Amino acid sequence: TVSPPVYFSPMHNEKELLLFYREIGSIGLPVIVYNNPKYTGITFTLDFIYRLGNENNIIGVKLVKTDMEILRKLINEIKTENFKIGFADRKPLLKAFETGVDVLINTTASIIPKTFSDFYNSYSQGKIEEAKLLESEIESFEEIFKINPNFISIATTASSLVTDSNNNMSKPFLPLPYEEKNKVK
């Protein structure tokens, strides 16, 4: 996924952003654009996403903090066989699939992939009650993100515990304090 340029990002207009993504797409690799207003200061409009969907090698959009009505419009008006809609919010997962999202792309899925896979398979097979139970399990797991406001430290700690690997924190983020790491466990 490719976020818009974040340095001076609120100043960028859609024409500049379209040229930015067009240039990245010209490399020849498939690109998923990342709409994450909280961290970039930019919210893509429906029209802008539609224009991106017509660009070479731009194969989809990953949406964060998206209203379900906007998500529904994107799916009905923009989603095609060659342009997919990804949903990165933690919830409502089942409602997102029922609305027509192609893929869930979020941090929790990378920490507990089997649960997400089981959730997706249950939904795909029409086992909605089973999918609801798995969604509830995912939501319970996500309580760990309330331990500390540093989302990255929580995710990295949880991932290292699940995979039994070294807790290599990305700089400049610091590892969680001992007490908080124990809460994540």
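Remember, it's a predicted structure, so these values are computed and weren't measured experimentally.

Caption draft 1: A look at the overall build of the chain. Along the backbone of the chain there are 10 helices and 4 strands. Reading the helices (α) and strands (β) of the chain from amino to carboxyl end gives α-β-α-α-β-α-β-α-β-α-α-α-α-α. A compact globule built from 185 residues should have a C-alpha radius of gyration of about 16 Å, and the chain, at 18 Å, falls within 12% of that. Based on the C-alpha atoms only, the size of the chain along its principal axes is roughly 50 × 45 × 30 Å. Sorting the 185 residues of the chain into buried and exposed places 39% on the buried side. Sequence-distant contacts in the chain: of pairs separated by 6 or more residues, those separated by 24 or more amount to 55%. Of the roughly 10,800 Å² that the chain leaves accessible, carbon and sulfur atoms contribute 54%. In the chain, which carries 21 positive and 23 negative side-chain charges, the distance between the mean positions of the two groups comes to 3 Å.

Caption draft 2: Region of interest: the packing of helix α3 (residues 46–53) against helix α4 (residues 68–77). α4 packs onto α3 with a crossing angle of 30 degrees between their chain directions and a minimal axis gap of 11 Å. The crossing of α3 and α4 is right-handed. Every residue of α4 that contacts α3 at Leu46, Ile49 and Tyr50 is listed here: Ile70, Lys73, Leu74 and Glu77. In terms of residue class, the contact of α3 with α4 is made up of 5 nonpolar, no polar and 2 charged.

Caption draft 3: Examining helix α7 (residues 113–124) more closely. The terminal C-alpha atoms of α7, which comprises 12 residues, lie 16 Å apart, in line with the 16 Å expected from a rise of 1.5 Å per residue. For α7, the complete set of buried residues consists of Thr115, Phe116, Phe119 and Ser122. The arc that holds every buried residue of α7, seen down its axis, measures 125 degrees, which confines them to one face. Considering only its buried residues, α7 is in contact with α5 (93–99), β4 (103–104), α6 (107–111) and α8 (128–141). Backbone geometry just downstream of α7 places Gly126 in the positive-phi region, at approximately 75 degrees.

Caption draft 4: Molecular detail of the nonpolar core. Counting residues in hydrophobic clusters, the biggest one holds 42 residues, and the most contacted among them are Val33, Phe44, Ile49, Leu71, Ile85 and Phe119. Each residue touching Phe119, except ones within four places of it in the same chain, is listed here: Leu93, Leu94, Phe97, Leu104, Ala131, Leu134, Glu135 and Ile138.

Caption draft 5: The pattern of salt bridges, seen in detail. Following the criterion strictly, the structure yields 9 salt bridges and no others. The closest approach of N and O atoms between Glu69 and Arg72, which form a salt bridge, is 3.0 Å. Here Arg72 and Glu69 lie together in helix α4, a separation of 3 residues that amounts to about one turn. In this structure Glu69 comes out as partly exposed when scored by relative accessible area, which is 42%. Between Lys132 and Glu129 there is a salt bridge, with its nearest N and O atoms 3.6 Å apart. Of this pair, Lys132 and Glu129 both sit in helix α8, 3 residues apart, which is roughly one turn of that helix. Three or more residues are tied together by salt bridges with common partners; here these are Glu14, Asp47 and Arg51.

Caption draft 6: Seen up close, the packing of aromatic side chains. Evaluated as defined, the whole model comprises 7 aromatic pairs. Considering the side-chain rings of Tyr21 and Phe44, the 6.2 Å spacing of their centres and the 90 degrees angle between planes classify their relative orientation as edge-to-face. Here Tyr21 is found in helix α1 (residues 14–25), whereas its partner Phe44 is found in the loop between α2 (37–40) and α3, with 23 residues between them in sequence. Summarising the burial analysis for this pair, Tyr21 and Phe44 share the class buried.

Caption draft 7: A look at the pairing of strand β2 (residues 58–63). Most of β2 sits inside the fold, with 5 of its 6 residues counted as buried. Inspection of the sheet shows strand β1 (residues 31–35) paired to β2 by 5 bridges, in the parallel sense. When the bridges of β2 are listed, Asn35 appears paired with Leu63. Following the backbone out of β2, through α4 and into the adjacent parallel strand β3 (residues 84–87), one traces a crossover that is right-handed.

Scoring rules and cut-offs
Residues numbered from 1 in each chain as written. Predicted model: local features only at pLDDT ≥ 70, side-chain atom pairs only at ≥ 80, totals over all residues. Heavy atoms only, no water. Helix = DSSP H or I, 4+ residues; strand = E, 2+ residues; numbered from the N terminus. Rg over C-alpha atoms; globule rule 2.2 N^0.38 Å. Buried < 20%, exposed > 50% of the residue type's maximum accessible area, 1.4 Å probe, protein only. Contact = heavy atoms within 4.5 Å. Areas by Shrake-Rupley, 256 points an atom, 1.4 Å probe, with all protein chains shown as cover. Lys, Arg positive; Asp, Glu negative; His and termini not counted. Charge placed at Lys NZ, Arg CZ, Asp CG, Glu CD. Axes fitted to C-alpha atoms, helices over the stretch in contact; angles between N-to-C directions. Left-handed = near helix turned anticlockwise from the far one by under 90°. Nonpolar A, V, L, I, M, F, W, Y, C, P; charged D, E, K, R; others polar. Expected span 1.5 Å × (residues − 1). Arc of directions from axis to C-beta. Core = buried A, V, L, I, M, F, W, Y, C linked by side-chain atoms within 4.5 Å. Salt bridge = Lys/Arg side-chain N within 4 Å of Asp/Glu carboxyl O. Phe/Tyr/Trp six-rings, centres within 6.5 Å; stacked < 30°, edge-to-face > 60°. Pairing = 2+ DSSP bridges. Right-handed = clockwise from strand over helix to strand, strands pointing away.

It is worth stressing that arrangement in space is one thing and function is another; only the former is reported here.
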